[in-house]
Amino acid sequence: MIRTYLLGFVAVALIACGGGKGGTVDGGGSGDGDGGGSNTDGGAGLDGLLIDAPPFGGACTPGGPQCSDCVDNDGDNTIDGFDIHCTGPLDNDESSFETGIPGDNMDAVNQDCFFDGNSGAGDDKCNIHVCCLLGAATVAECPIGANQYKPQDCPPPIGTKPLAQTCIDNCSVVTPPGCDCFGCCTICDPTTNMCYDILANPSASPDCNETNLADPTKCTRCDQTEVCGPTECGGATCVLCPGQDPSTLPTECNGTTTCPNGAQSCAMGETCPVNSYCDSGCCVGTIF
């Protein structure tokens, strides 16, 4: 289901309008993920990832890639992981959904882990047809690579083929709140507070940017793969969606972001544990 909703409404209005998946808020919680508390256990679930580059130190570094250089490179008043265009610390393009990483996001048809910095499934075992993300129940409904599309090979509910557990294990821990493993993300327009489920992969949405998020012809709408990654964000939850202004969190959150799976929360410019990256208010694992 494609979600479009306005941040800041009361929970009843959000649910009635289809905002989110009905997440609830427990009030001024104690930091266990149920309310407005701050998690501080250093990012559970980040151990065991294979790092094929020097481990990311958890903090931005002046002169580094644009998405981890402590600078608002595109002048939109957001820095690094709080910019909707940033996918990780080696992302070198803060102004678009392109990453500037050679070989990344080159395949419009076969989608792998969107947050691993490459277009191959060999390292993470994630590989599904893009039309599985576009909700195409039949070949006739598939607008990209229809001659390669077999709906039965999609994960449920479209097909019956499960995702490889290796994919789920490797990619879920590096996927930020509001996104699934394949880059179908609930992205909020900070100027209107409207949020949309958008396939952020530039090979599928080449003309999508922060100025046209509301245009489905530019920013391709998608259905999230529920078994790999997606954490409910926005709406009545205390979890920030990409692009969401923290001031729009429900009053029950007491101005504090909640992060899934025991991950540490972080504010713009704050340091995360080694091998994790501050993305939309949460310290998310890295596999670079």
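Let me sum up the structure you'll find in this document. As the structure is a computational prediction, the values presented were derived from the model and not from experiment.

1. Comments concerning the overall build of the chain
In terms of helices and strands, the chain carries three helices and seven strands. The N-to-C order of helical and strand elements in the chain reads β-α-β-β-α-α-β-β-β-β. Residues classed as buried in the chain amount to 50% of the 288 residues present. Put simply, of all contacts in the chain between residues at least 6 apart along the chain, 54% involve residues at least 24 apart. By element, 53% of the accessible surface of the chain is carried by carbon and sulfur atoms, the whole surface being about 12,000 Å².

2. Structural notes on empty space enclosed by the protein
It is the rolling of a water-molecule-sized probe over the atoms that shows where space remains empty. Tallied over the entire structure, the rule returns five cavities of 30 Å³ or more. By volume, the largest cavity is sized at about 120 Å³. Lining the largest cavity we find 15 residues, and of these Cys60, Asp80, Gly269, Glu270 and Cys278 sit closest to its centre. Counted by class, the lining of the largest cavity contains nine nonpolar, four polar and two charged residues. Lining the second largest cavity we find 16 residues, and of these Ile84, Cys86, Cys179, Cys185 and Pro242 sit closest to its centre.

3. A closer look at the packing of aromatic side chains
Inspection of every chain in the model, using the stated rule, returns two aromatic pairs. Considering the side-chain rings of Phe114 and Phe115, the 5.1 Å spacing of their centres and the 80° angle between planes classify their relative orientation as edge-to-face. On the basis of relative accessibility, which here comes to 2%, the residue Phe114 falls in the buried class. According to the relative accessible area criterion, Phe115 is buried, its value standing at 5%.

4. Topic: the nonpolar core
Membership of the largest hydrophobic core comes to 36 residues, with the highest contact counts inside it found for Phe182, Ile187 and Leu213. Those elements that provide at least two residues to this core are α2 (130–133), α3 (165–172), β4 (184–188) and β5 (194–199). Considering every element that reaches this core, the biggest residue donor is α2, with four residues. Listed in part, the nine residues of the second largest apolar core include Phe82, Leu240, Cys266 and Cys283.

5. Examining the state of the cysteines
Simply put, the disulfide is a covalent bond whose two ends are the sulfur atoms of two cysteines. This model, assessed by the stated rule, comprises 16 disulfides. Note on cysteine connectivity: Cys113 is disulfide-linked to Cys171, with sulfurs 2.0 Å apart. Its torsion about the S-S bond being 80°, the disulfide of Cys113 and Cys171 is classed as right-handed. With Cys113 in the loop between β2 (110–111) and β3 (128–129) and Cys171 in helix α3, this residue pair connects regions lying 58 residues apart in the sequence.

6. A word on the environment of Asn77
Take Asn77: it is sitting in the loop between α1 (11–16) and β2. Of the residues examined, Asn77 reaches a relative accessible area of 67% and is grouped as exposed. Ignoring anything within four residues of it in the chain, the contact list for Asn77 reads Asp72 and Met268.

7. A word on the environment of Gly243
Inspection of the secondary structure puts Gly243 in the loop between β5 and β6 (276–279). The exposure class of Gly243 is buried, given its relative accessible area of 15%. Sequence spacing of Gly243 and Thr78 is 165 residues, and the spatial spacing of their C-alpha atoms is 8.8 Å. In this view, Gly243 contacts Ile84, Cys188 and Pro190; residues no more than four positions away in its chain are not counted.

8. Quick notes on the pairing of β6
Neither face of β6 is left uncovered, since the one carrying Ser276 and Cys278 and the one carrying Tyr277 and Asp279 both have all their residues buried. By the bridge criterion, four bridges tie β6 to strand β7 (residues 282–285) in an arrangement that is antiparallel. Pairing of Tyr277 across the sheet is with Val284, part of β7.

9. Considerations on unusual backbone geometry
Most of the time, phi is negative for any residue but glycine, and the peptide bond is trans. Geometrically, the link from Pro156 to Pro157 is a cis peptide bond, its omega value of 15° lying close to zero. Examined against the element boundaries, Pro157 turns out to sit in the loop between α2 and α3. The phi dihedral of Asn77 falls on the positive side, at around 70°, and the residue is not glycine. In this model, Asn261 sits at a positive phi of 60°, which is unusual for a non-glycine residue. By secondary structure assignment, the location of Asn261 is in the loop between β5 and β6.

Rules behind the numbers
Residues numbered from 1 in each chain as written. Predicted model: local features only at pLDDT ≥ 70, side-chain atom pairs only at ≥ 80, totals over all residues. Heavy atoms only, no water. Helix = DSSP H or I, 4+ residues; strand = E, 2+ residues; numbered from the N terminus. Buried < 20%, exposed > 50% of the residue type's maximum accessible area, 1.4 Å probe, protein only. Contact = heavy atoms within 4.5 Å. Areas by Shrake-Rupley, 256 points an atom, 1.4 Å probe, with all protein chains shown as cover. 1 Å grid on protein atoms, 1.4 Å probe; cavity = no way out; pocket = protein on both sides within 12 Å on 5 of 7 lines; lining within 4 Å. Points joined across faces, edges and corners; volume = space filled by probe spheres on them. Nonpolar A, V, L, I, M, F, W, Y, C, P; charged D, E, K, R; others polar. Phe/Tyr/Trp six-rings, centres within 6.5 Å; stacked < 30°, edge-to-face > 60°. Core = buried A, V, L, I, M, F, W, Y, C linked by side-chain atoms within 4.5 Å. Disulfide = S-S within 2.5 Å. Pairing = 2+ DSSP bridges.

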